[in-house]
Amino acid sequence: MLRGVKRIKLSTLDYGAATYFIISRAEAASNLGRFDGVRYGHRAKDTHGIANMYQKTRYEGFGAEVRKRIMVGNYVLSAGHAGQFTKMPVVWCDSNAPRSETGFCKRS
């Protein structure tokens, strides 16, 4: 038996992975936004117009997972959806637990 070891409960630890997911996606979108092919990063060739240049540059320059992270990050950072993540309690649950309309587990 260990002496001096005290068990504690970290109730906020339940939110760690969900918080990391949201923050890391927002950070990826924010940090990778500068690699647009205009000043930094890869620039696609044979483009027609600025919108096509951005689209082709990011498609060629970033892999599928990075593009997904950027899309989710921009969604999280958009002003219209900010409250959805900061005001809604998120908890971990098993696969049979009831879920809200956003897909997160409902708090009991």
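Quick look at the structure, then. Computed from a prediction, not measured in an experiment: that's the story for all the values here.

### Describing the pattern of salt bridges
For side chains of opposite charge, pairing can occur when their charged atoms come near one another. Counted by the stated rule, this structure contains two salt bridges. Linking K68 and E65 is a salt bridge whose minimum nitrogen-to-oxygen distance equals 3.7 Å. Taken together, the positions of K68 and E65, both in helix α3 (residues 64–77) and three residues apart, correspond to about one turn of that helix. When its relative accessible area of 40% is taken as the criterion, E65 is described as partly exposed. With a shortest N-O distance of 3.3 Å, E65 and R69 are connected by a salt bridge. Of this pair, E65 and R69 both sit in helix α3, four residues apart, which is roughly one turn of that helix.

### A look at the side chain of R25
Along the chain, the position of R25 falls in helix α1 (residues 16–32). Within the buried core, R25 has no salt-bridge partner, and the shortest N-O distance to an opposite charge, that of E65, equals 4.3 Å.

### Quick word on the environment of N31
In this structure, N31 sits in helix α1. Sequence spacing of N31 and I70 is 39 residues, and the spatial spacing of their C-alpha atoms is 9.3 Å.

### Regarding the packing of α1 against α3
At a closest axis distance of 7 Å, the pairing of α1 and α3 adopts a crossing angle of 100°. Classified by the interaxial angle, the pair formed by α1 and α3 is roughly perpendicular. From α1, F21, I22, R25, A26, A28, A29, S30 and L32 reach across to α3, where they touch E65, V66, R69, I70, V72, G73, N74, V76 and L77. Tallied by class, the residues present in the contact of α1 with α3 amount to eleven nonpolar, three polar and three charged.

Rules used throughout
Residues numbered from 1 in each chain as written. Predicted model: local features only at pLDDT ≥ 70, side-chain atom pairs only at ≥ 80, totals over all residues. Heavy atoms only, no water. Salt bridge = Lys/Arg side-chain N within 4 Å of Asp/Glu carboxyl O. Helix = DSSP H or I, 4+ residues; strand = E, 2+ residues; numbered from the N terminus. Buried < 20%, exposed > 50% of the residue type's maximum accessible area, 1.4 Å probe, protein only. Lys, Arg positive; Asp, Glu negative; His and termini not counted. Axes fitted to C-alpha atoms, helices over the stretch in contact; angles between N-to-C directions. Parallel < 35°, antiparallel > 145°, perpendicular 65-115°, else oblique. Contact = heavy atoms within 4.5 Å. Nonpolar A, V, L, I, M, F, W, Y, C, P; charged D, E, K, R; others polar.

These figures come from the coordinates and say nothing about function on their own.
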